Amino acid sequence: MESVTPAKRQKFSGSNNSPTWQEIQAQRQNLPIFPARKRLLHELRQNDSSIVIGETASGKTTQIPQYIYETGMHRNLMIACTQPRRVAAITVAQRVSQEKGQDVGALVGYCVRFDDTTSEKTKIKYMTDGMLLRESILDPLLKRYAVVLLDEAHERTIHTDVLFGVVKSAQHQRRQRGITPLKIIVMSATMDVDQFSRYFNDAPVLYLEGRQFPVKMMYTCETQSDYQFSALSTIFQIHQEAPPRQDILVFLTGQEEIESMVTAIRDVSKELSDDSSKILALPMYASLPQHLQLRVFQNAPKGTRKVIVATNIAETSVTIRNIKFVVDTGKVKAKTFNPRSGLDMLKVQKTSKAQAWQRSGRAGRESAGTCYRLYTEEDYEALPTNTRPEILRCNLCSVTLQLLALGIKNIAQFDFMDKPSTESIQNAIVQLKLLGAIENTDDNKLTPLGRKMAAFPLDPSLAKVILKAVDFDCLEEILTIVSMLSVESIMHSPASKREEASAVQAKFISHEGDHLTYLNVYRSYKGVSGSKNWCHENFINARNMKTACDIRGQLRDICMKQDMQFKSCGRETAVIRECLAHGFFMNAAELQKDGKYISVASRQPVAIHPSSAIFRCKPSYVIYNELVKTSACYMRNVCVVDPDWIFEAAPNYFKTRPLHT
DNA sequence: GAGCACTGC
């Protein structure tokens, strides 16, 4: 499925009549994929691996698993269809269940984190790619499945990329051992599939037509120096010329830019003459509260043009109907990772051609549309063809631990479609050795500790902290802290009410740092039984608190399976910090005589992030969860430690990195 | 005294 429109949109569509059985079957037969059914099944039957190129709205995601099921090709095993996003797995499973006239969880089910609806009856299973990857650790041959469809393969998420290697190896081993063969079907939206075909032993490529309307491309004559200004004038140019009720989607890079653009559009439209039609500007980005996000799906009042200003969330995750014009600035904010410094950076970059193509497609969903690219055609030609796959630009610690748990010892020899640099693989192995997850030999053998760590859906450092908590009798507290660290922004302070927010939140602050502050928030939250009202009064994000509680439950279950001792340290909170040091000793910083911090690992200057609970404090030693480079190198989620603790956590590590105590 | 794209287990 190319995209997902939140199910809640139906609330605004005015009709809640569910279609009849006949209507559903007619809709199925009306899909572009339907005439290709026979040819498609013939090819899929003939080949162990196939690549399917399906244009937008071809019906491949909902129909192909059903076609396979109807022929019995699955030999009474399951058919898995993976999606990069949870909502997609859920909504597609709901739709396909409806088409089969059954409840979700019977013949058709979905499996995503915290929500597994499958049963013994389930044969068609929609799931997130990360979920299948987790399952493969327990069963590398994927014996429950006869067919695995990897959907949205062009997005190249880190999970899909690892799954490519896992399914290929499972297929090979099953053939050798004479087990039921595994069929692999890779589904992609882009035409650039030579790499997929080559990787899966020259698998045949099947093309499916879609239902996309033509989109007219407009380029600028000159390269624009100020894309925000350029976007603003393009919006009003369209507004003056196009008939009303033809909506515009604008792609920008981030929250701040989007909010100022929305304000600018509102200001300019106030100055328009009264007889010109009205304009309604709406922001759309992931951290926008849900009730504000839903506004983009509502129809604008009669005679009003809707202008949605969005991040790349509107490229794939969210589909807005009735878009006639797309304004593409050609920019995107993306995370970059430097394996040498271990630094994450968010930078505004140029999009790839594939991304530009995806954006322009948003103008041709219901009828022919126009895309205004705010760059020249030559600029476009100079863009990279595809976005760099995630696996080439992120920290590989987690993935490496998972591959080792799968029994793959030689990570550098793993059959990656795009091989990460030797440096980033080596960096991950060094980290895992420091954490004690791998034996200190050359064969990359997992230690018993490492094997246990791999069972947790967490960064290896956090998994290590959980396992260490048993020794410090503080597992209850550590589970809470790790869960709180696994969600974004628990405390929010809107710019307009910043002082009010920090005043009410002052009661949570611990002089021991952010981790203990989170523990205080969690305890207070539990003290009022998770009251939504309490969250509101204290500027606590209720949705994220709920997620943290779900994560805590899942981590607790894993600890139970490992027979770990649940103990609480009560008021003796120092042991919590000592325990944290065992996962984060390599993220230590020390206070210099000049009152500034430098990192122990690289001796580079770092600073406590202004959002930290101990921003103004100057403890001699701190550890931190991550380093973010913006206007300076900021440490986020900071904890006060005793230098003896970090030394004790890894004496060998500090032999070459002396602590100046 | 700073601001943070998007996913996922």
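As the structure is a computational prediction, the values presented were derived from the model and not from experiment.

When you tally the buried positions in strand β3 (residues 108-112), you get five out of five residues, the bulk of the element. Judged from the two bridges that link them, β3 and strand β4 (residues 115-116) form a sheet pairing that is antiparallel. Each bridged residue has a counterpart across the sheet, and for C111 the counterpart in β4 is D116. The antiparallel pairing of β3 with β4 creates a hairpin that spans two residues between the two strands, and F114 there sits at a positive phi of about 70°.

Entries for chain A in the domain assignment read domain 1 (7-208), domain 2 (215-390) and domain 3 (455-643). Computed from C-alpha coordinates alone, the two centres of domain 1 and domain 3 are separated by 39 Å.

Bringing the protein's contact with DNA strand B into the picture now. Every one of the 31 residues lining DNA strand B counts as a neighbour, but R86, A286, R498, T630 and R636 are closest to it. Within 4 Å of the protein, atoms of DNA strand B come from sugar and phosphate in 64% of cases. One of the side-chain nitrogen or oxygen atoms of K333 is found 3.0 Å away from a phosphate oxygen of DNA strand B. Contact between DNA strand B and P610: a base nitrogen at 3.4 Å from a main-chain N or O atom of the residue. For the surface near DNA strand B, the secondary structure elements donating two or more residues are α6 (129-138), β14 (331-338) and β21 (633-640). Among the elements that make up the surface near DNA strand B, the one with the highest residue count is α6 (three residues). Looking at side-chain class alone, the surface near DNA strand B contains eleven nonpolar, eleven polar and nine charged residues.

A positive phi angle is found at N322, which is not glycine, with a value near 65°. By the secondary structure assignment, N322 is in the loop between α12 (313-316) and β13 (323-328). Here F539, not a glycine, exhibits a phi torsion of approximately 55°, which is positive. Within the secondary structure, F539 is located in the loop between α22 (532-537) and α23 (542-561). Under the relative-accessibility criterion, F539 is labelled buried at 8%.

Another point: the pairing of strand β7 (residues 183-188). Across the six residues of β7, six count as buried, placing the element largely inside the fold. With five bridges connecting them, strand β1 (residues 49-54) and β7 associate as parallel partners. Counterpart to I51 in the pairing with β7 is V186. Sheet topology note: the strand β6 (residues 145-150)/β7 ladder contains four bridges and is parallel. Counted as the bridge partner of L149 is I185 from β7. In this view, the connection linking β6 to its parallel neighbour β7 by way of helix α7 (residues 158-177) has right-handed handedness.

Attention shifts here to the side chain of Q402. Mapped onto the elements of the fold, Q402 is located in helix α15 (residues 397-405). Note on Q402: relative accessible area 16%, which makes it buried. Once residues within four sequence positions are removed from consideration, Q402 is found in contact with L133, R134 and I137.

So, about the sheet that holds β1. Here eight strands make up an open sheet; going across it, the order is β4-β3-β5-β2-β6-β7-β1-β8 and the pairing mixed. Of all the strands in the sheet, just β4 and β8 (205-208) have a single pairing partner and so form its edges. Of the strands in this sheet, β1, β7 and β8 touch helix α3 (residues 37-46), which is tilted by about 160° from β8.

Geometry of an aromatic ring pair is reported as the spacing of the ring centres plus the angle between the planes. Overall, the coordinates contain 14 aromatic pairs when judged by the stated rule. Ring centres of F325 and Y372 lie 6.4 Å apart, and the angle between their planes is 40°; this geometry places the pair in the tilted category. Separated by 47 residues along the polypeptide, F325 in strand β13 and Y372 in strand β16 (residues 369-373) bring together distant segments of the chain. Grouping residues by exposure puts F325 and Y372 together as buried. For the pair Y653 and F654, a centre-to-centre distance of 5.0 Å together with 90° between the ring planes defines the contact as edge-to-face. Given a relative accessible area of 8%, Y653 falls into the buried group. The ring of Y380 has K353 lying over it, and the distance from NZ or CZ to the ring centre is 5.9 Å. The ring of F566 is capped by R556, whose NZ or CZ atom sits 4.2 Å from the centre of that ring.

On to the sheet that holds strand β12 (residues 304-310). An order of β9-β16-β13-β10-β12-β11 is seen for the six strands of this open sheet, with the pairing classed as parallel. Two strands close off the open sheet at either side, each with one partner strand: β9 (215-219) and β11 (278-284). Here the average twist between neighbouring strands, direction ignored, is 20°. The strands that helix α10 (residues 255-270) touches are β11 and β12; relative to β11, the one it contacts most, it runs at about 170°.

The subject of this paragraph is the pattern of salt bridges. Applying the stated criterion to the full structure yields 28 salt bridges. Counted as one network, the salt bridges with shared partners bring together R28, R37, E70, R95, E99 and K100.

F200, F456, I466, I478 and I646 are the most contacted members of the largest nonpolar core, which has 110 residues in total. Three or more residues apiece are contributed to this core by two domains, here domain 1 (7-208) and domain 3 (455-643). Ignoring sequence-local partners within four residues, the contact set of I646 consists of A581, F585, A588, Y621, I623, V641, F654 and L659. The next biggest cluster of nonpolar side chains, apart from the first, holds 31 residues, and it includes Y67, L107, V147 and L208.

We now examine the packing of helix α18 (residues 460-468) against helix α19 (residues 475-485). Each pair of packed helices can be summarised by the angle the axes make with each other and by the distance between the axes. Closest axis-to-axis distance for the α18/α19 pair is 9 Å, and the angle between their directions is 165°. When the axis of α18 is compared with that of α19, the two are roughly antiparallel. As α18 runs across α19, the sense of the crossing is left-handed. Residues L462, V465 and I466 of α18 touch α19, and the partners they reach there are L475, I478, L479, V482 and L485.

Its place among the elements puts S424 in helix α16 (residues 422-434). S424 sits in the buried class, given a relative accessible area of 10%. Here the side chain of S424 touches S421 through a polar contact of 2.8 Å, side chain to side chain.

For α16, with 13 residues, the first-to-last C-alpha span of 18 Å sits near the 18 Å given by 1.5 Å per residue. For α16, the complete set of buried residues consists of S424, I425, A428, I429 and L432. Here the buried residues of α16 occupy an arc of 140° about the axis, which is enough to place them on one side. Looking at the buried positions of α16, the neighbouring elements they touch are α15 and α18. Positioned one or two residues after α16, G436 has a phi angle of 80°, which is positive.

Criteria and thresholds
Residues numbered from 1 in each chain as written. Chains lettered and ligands numbered in written order. Predicted model: local features only at pLDDT ≥ 70, side-chain atom pairs only at ≥ 80, totals over all residues. Heavy atoms only, no water. Buried < 20%, exposed > 50% of the residue type's maximum accessible area, 1.4 Å probe, protein only. Helix = DSSP H or I, 4+ residues; strand = E, 2+ residues; numbered from the N terminus. Pairing = 2+ DSSP bridges. Domains from an automatic or database assignment. Near = heavy atom within 4 Å. Polar contact = N/O pair within 3.5 Å; in protein donor to acceptor, adjacent residues only side chain to side chain. Nonpolar A, V, L, I, M, F, W, Y, C, P; charged D, E, K, R; others polar. Right-handed = clockwise from strand over helix to strand, strands pointing away. Contact = heavy atoms within 4.5 Å. Axes fitted to C-alpha atoms, helices over the stretch in contact; angles between N-to-C directions. Phe/Tyr/Trp six-rings, centres within 6.5 Å; stacked < 30°, edge-to-face > 60°. Lys NZ or Arg CZ within 6 Å of the ring centre and 35° of its normal. Salt bridge = Lys/Arg side-chain N within 4 Å of Asp/Glu carboxyl O. Core = buried A, V, L, I, M, F, W, Y, C linked by side-chain atoms within 4.5 Å. Parallel < 35°, antiparallel > 145°, perpendicular 65-115°, else oblique. Left-handed = near helix turned anticlockwise from the far one by under 90°. Expected span 1.5 Å × (residues − 1). Arc of directions from axis to C-beta.

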